[in-house]
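An overview of the molecular structure
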Amino acid sequence: MLKRMLFFCLGIFFFACEKQSPLPINRTSTSELTASDVQYHVNYLASDSLEGRLSGTRGNEKAAAYIIAEFKRFGLLPLGDHDSHEQKFDFVGDVALDANNRLALHRGGSDTTLTIETDFIPAGFSASDSVSGEVVFVGYGISAAQLNYDDYAGAEVKEKVALALRYSPASNNPHASFAKFEPVRYKALQARQHGAKALLIVTPADSTAESLPKLHFDRSAGDAGLPVAYITPAVADWLLAASGQSIKNLQTQINKNQKAASFAIFDSRVAMRVEIKQERCVSANIIGKLAGSDPRFKEQAVIIGAHYDHWGRSGEGVMDPENEGQIHNGADDNASGTAGVLELAQYFAAQEERPRRSLIFMAFSGEELGLLGSAHYVEHPTFPLAQTTAMINMDMIGRLRDSLLVVHGIGTSPQWQAVIERLHQPPQFQLTLKKEGPGPSDHASFYRKNIPVLFFFTNHHEDYHRVTDDADKINADGEARILRFIAGIVTEIADRDSVLHFTKAESEQPVVRGFRVFVGTVPDYAAEVEGMKISGVRKSSPAEKAGLQGGDIIIKFGKFDIKNVYDYTYALGEFSPGQKVPVVVKRGSQTVTLTVILERSQRQ
Ligand SMILES: [Zn+2]
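Being a predicted model, the structure only gives us computed values, none of them experimental.

1. Quick notes on the overall build of the protein chain
Helix and strand content of the protein chain: 14 helices and 27 strands. For 604 residues, the compact-globule estimate of 2.2 N^0.38 gives 25 Å, and the protein chain sits close to it at 26 Å. Relative to all contacts within the protein chain whose residues are 6 or more apart in sequence, the contacts with residues 24 or more apart total 80%. As displayed, the protein chain has an accessible area near 24600 Å², and 49% of this comes from carbon and sulfur atoms. The positive charge centre, built from 63 side chains, and the negative charge centre, built from 72, are 4 Å apart in the protein chain.

Written out as structure tokens, the structure is:
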């Protein structure tokens, strides 16, 4: 982890001072939309020297520098900060331990102070706080009414420190119904919910996992709301000795009986101090404009965008976490879309007669971490959103197979269908047109601001979010065909006399695996607040019917205090369809209580 941290935020501090090597600009590229230009861009952006372009890293900055150089070469006007092409934003990129982490134990007449990373380690999502209290063993720390299993039954942990086993009584079977109660974030919610001041986690004696996991940032800025630390089995046994117990015995007993065995540990006390530093990283959206040719229309614009970041060497967010440390080049996701932005920029910049409306080309960063860049842009637009007539997003357009092209967002304007039908010449593509406007990429940020969107995508494949998503697998010819199609659409909407109208268009329900209930809240992953901030609600969803609004921060859901997005997810698991649940939200300076009537999740 330390190694990872070192390379992670390096970019902010050192990149500016580093001597930049010349960028591999392709001087022979043409203003036509060609396969060779597409392949050239993808080859560079998805090369190992860019290290997978994770936001906040040097590789990501190298990608940004390349895009800026190309935008300048094409003559795009700067539309970023301070007359530059860059719009910077910062975010929490990692966590680190401060020097002040302490854990001291007391048992009977003896005291001991533990050594960090040998005897204990805080969890990366722990709250930073100092607490002390008696210790109560709470089994696995699970309270699951559905399973008729409650480790907290008969245990009094109010104002005390809870000590729980990692995993569950069914941990040998990963598909067991206990699986969803195993995450330590879940156990932290339960401990807090039962009034504990802190939570200690001990790895069961028979586990092959390291008893002290490395400090790890789970990509949520919201902390657990109480201090959480892992201790070794030896430390737990030291505490338990006066009670004549051991972790191994307790675990065997619980697993055998499938029943909790919670008790206050005789004459025990813990004093702990956890200090977690959140490390901030900086990344940038790259933005350039081509002014429209018609004085009456040039104050309106069409945005053409794609994200340029990917997962770098991360083991987080990818489908192959076992390859942590290896470069995820992200050729299709999304060097392909970035190449599309560059090609279209060059194509339109070279036209003698430009479209009537202005065109804004945008390469977003932070998409993989939760649409951070596009969310930042729509909150800090550098061109008025009210004058932004459409947004075209390209994310994974490099794997055209059997001419199958998926286009989302058709329902976000009543005019889209006709535009597409007029410009598509069968059998050019096998089009799959989808109505919905929200979705798993940056167009969702613009849709939330009532801007008609289209999202182009050549569908999922087995290399998605894996180290095998490489440049040699790109169908550059297919992508050039898609870009010619998109260029026609852009021309049409930038030239038309009337603007596109916006309509809300959402699928009935998103597929959320493992949930029995549907609420329809859209989390704002970029928010750094206590609670769960939502960026919007789905159309006709229970959340919309209850009166929840974008910008609301959910702080209580039923009896559960919500400190972060994880708490919310786990709280949902405790309810059934049809239940009426009081939800407390912070809305500006007010606190509002609403009632949500939960619906059944359609597919599981
Ligand atoms: Zn992705």
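2. Notes on helix 10 (residues 416-423)
Taken as a whole, helix 10 has its buried residues at Trp-416, Val-419 and Ile-420. Taken end-on, helix 10 shows its buried residues confined to a sector of 95°, consistent with a single buried face. Projecting away from the buried face of helix 10 at angles above 90 degrees are the exposed residues Glu-421 and Arg-422. Structurally, helix 10 contributes buried residues whose contacts are with strand 16 (388-394), strand 18 (430-434), strand 19 (453-457) and helix 12 (476-495).

3. Considering the coordination of the zinc ion
In this structure, Asp-333 (OD), Glu-368 (OE), Glu-368 (OE) and His-465 (NE2) serve as the protein donors to the zinc ion, at separations of 1.9 to 2.4 Å. Donor residues for the zinc ion sit on one chain with the sequence pattern D-x34-E-x96-H. Of this pair, Asp-333 sits in helix 8 (residues 331-349) while Glu-368 sits in the loop between strand 15 (358-364) and helix 9 (372-379), and the two are 35 residues apart along the sequence. What makes Asp-333 buried here is its relative accessible area of 2%.

4. Observations concerning the pairing of strand 3 (residues 102-107)
Summarising the sheet, strand 3 and strand 12 (residues 263-274) pair through six bridges and their orientation is antiparallel. Looking at strand 12, one finds that Arg-102 is bridged to Arg-273. Alignment of strand 3 against strand 4 (residues 110-113), held across four bridges, turns out to be antiparallel. When the bridges of strand 4 are listed, His-106 appears paired with Asp-111. Where strand 3 hands over to strand 4, the hairpin turn is made up of two residues, of which Gly-108 adopts a positive phi near 50°.

5. Describing the packing of helix 3 (residues 35-45) against helix 8
Taken N-terminus to C-terminus, the directions of helix 3 and helix 8 make an angle of 130°; their axes are 8 Å apart at the nearest point. Judged by the angle between their axes, helix 3 and helix 8 are oblique. For helix 3 against helix 8, the interelement crossing comes out right-handed. Seen from helix 3, the contacting residues are Asp-37, Val-38, His-41, Val-42 and Leu-45; seen from helix 8, they are Ala-331, Ala-335, Ser-336, Thr-338, Ala-339, Leu-342, Glu-343 and Gln-346. A per-class count over the contact of helix 3 with helix 8 returns seven nonpolar, four polar and two charged.

6. Details of the packing of aromatic side chains
Here the structure, examined in full by the defined rule, presents 16 aromatic pairs. Ring centres of Phe-181 and Tyr-186 lie 5.2 Å apart, and the angle between their planes is 65°; this geometry places the pair in the edge-to-face category. On the accessibility criterion, Tyr-186 (1% relative accessible area) is buried. Look at Tyr-186 and Tyr-570: their rings are 5.6 Å apart centre to centre, the planes differ by 80°, and that puts the pair in the edge-to-face class. Placement of Tyr-186 in helix 5 (residues 184-193) and of Tyr-570 in helix 14 (residues 565-572) is noted, with a sequence separation of 384 residues between them. The two residues Tyr-186 and Tyr-570 agree in class, both being buried.

7. Describing the pattern of salt bridges
Summed over the entire model, instances satisfying the criterion amount to 20 salt bridges. The salt bridge partner of Asp-294 is Arg-296, with a shortest N-O separation of 3.3 Å. For the salt bridge of Arg-399 with Asp-469, the shortest nitrogen-to-oxygen distance reads 4.0 Å. In this pair, Arg-399 is assigned in the loop between strand 16 and strand 17 (404-408) and Asp-469 in the loop between strand 19 and helix 12, connecting sequence segments 70 residues apart. Assessed through its relative accessible area of 9%, Arg-399 is described here as buried.

8. Brief notes about the sheet that holds strand 11 (residues 228-231)
Hydrogen bonds along the backbone pair up the strands of a sheet, which may run parallel or antiparallel. Spatially, 4-3-12-6-9-10-11-5 is the arrangement adopted by the eight strands of the open sheet, whose pairing is mixed. Unpaired on one side and paired on the other, strand 4 and strand 5 (120-122) mark the two borders of the sheet. Taken pair by pair, the neighbouring strands of this sheet meet at an average axis angle of 25°, ignoring direction. Along the sheet, helix 5 makes contact with strand 9 (161-165), strand 10 (198-202) and strand 11, crossing strand 10 at roughly 140°. Against the sheet, helix 6 (residues 233-240) touches strand 3, strand 4, strand 6 (129-137), strand 10, strand 11 and strand 12, its axis set at about 30° to strand 3.

9. Description of the environment of Pro-384
Relative to the helices and strands, Pro-384 resides in the loop between helix 9 and strand 16. Judged by its relative accessible area of 47%, Pro-384 falls in the partly exposed class. As a C-alpha pair, Pro-384 and Val-490 span 106 residues in sequence and 19 Å in three-dimensional space.

10. Topic: the side chain of Ser-126
Structurally, Ser-126 is set in the loop between strand 5 and strand 6. Among the polar contacts listed, one links the side chain of Ser-126 to the backbone nitrogen of Val-228, at a separation of 3.0 Å. Discounting residues that sit within four places of it in the chain, Ser-126 has contacts with Asp-223, Leu-226, Pro-227, Val-228, Val-274 and Ile-276.

11. Some points on the side chain of Gln-190
Note that Gln-190 resides in helix 5. A polar side-chain atom of Gln-190 sits 3.5 Å from the main-chain carbonyl oxygen of Ser-143.

12. Observations regarding helix 9
In terms of residue burial, helix 9 counts as a mostly covered element, since six of its eight residues are buried. Each element contacted by the buried residues of helix 9 is listed here: strand 2 (86-97), strand 13 (276-290), strand 14 (301-307), strand 15 and helix 11 (443-447).

Rules used in this analysis
- Residues numbered from 1 in each chain as written.
- Predicted model: local features only at pLDDT ≥ 70, side-chain atom pairs only at ≥ 80, totals over all residues.
- Heavy atoms only, no water.
- Helix = DSSP H or I, 4+ residues; strand = E, 2+ residues; numbered from the N terminus.
- Rg over C-alpha atoms; globule rule 2.2 N^0.38 Å.
- Contact = heavy atoms within 4.5 Å.
- Areas by Shrake-Rupley, 256 points an atom, 1.4 Å probe, with all protein chains shown as cover.
- Lys, Arg positive; Asp, Glu negative; His and termini not counted.
- Charge placed at Lys NZ, Arg CZ, Asp CG, Glu CD.
- Buried < 20%, exposed > 50% of the residue type's maximum accessible area, 1.4 Å probe, protein only.
- Arc of directions from axis to C-beta.
- Donors = N, O, S within 2.8 Å, 3.2 Å for Na, K, Ca; no water.
- Pairing = 2+ DSSP bridges.
- Axes fitted to C-alpha atoms, helices over the stretch in contact; angles between N-to-C directions.
- Parallel < 35°, antiparallel > 145°, perpendicular 65-115°, else oblique.
- Left-handed = near helix turned anticlockwise from the far one by under 90°.
- Nonpolar A, V, L, I, M, F, W, Y, C, P; charged D, E, K, R; others polar.
- Phe/Tyr/Trp six-rings, centres within 6.5 Å; stacked < 30°, edge-to-face > 60°.
- Salt bridge = Lys/Arg side-chain N within 4 Å of Asp/Glu carboxyl O.
- Polar contact = N/O pair within 3.5 Å; in protein donor to acceptor, adjacent residues only side chain to side chain.

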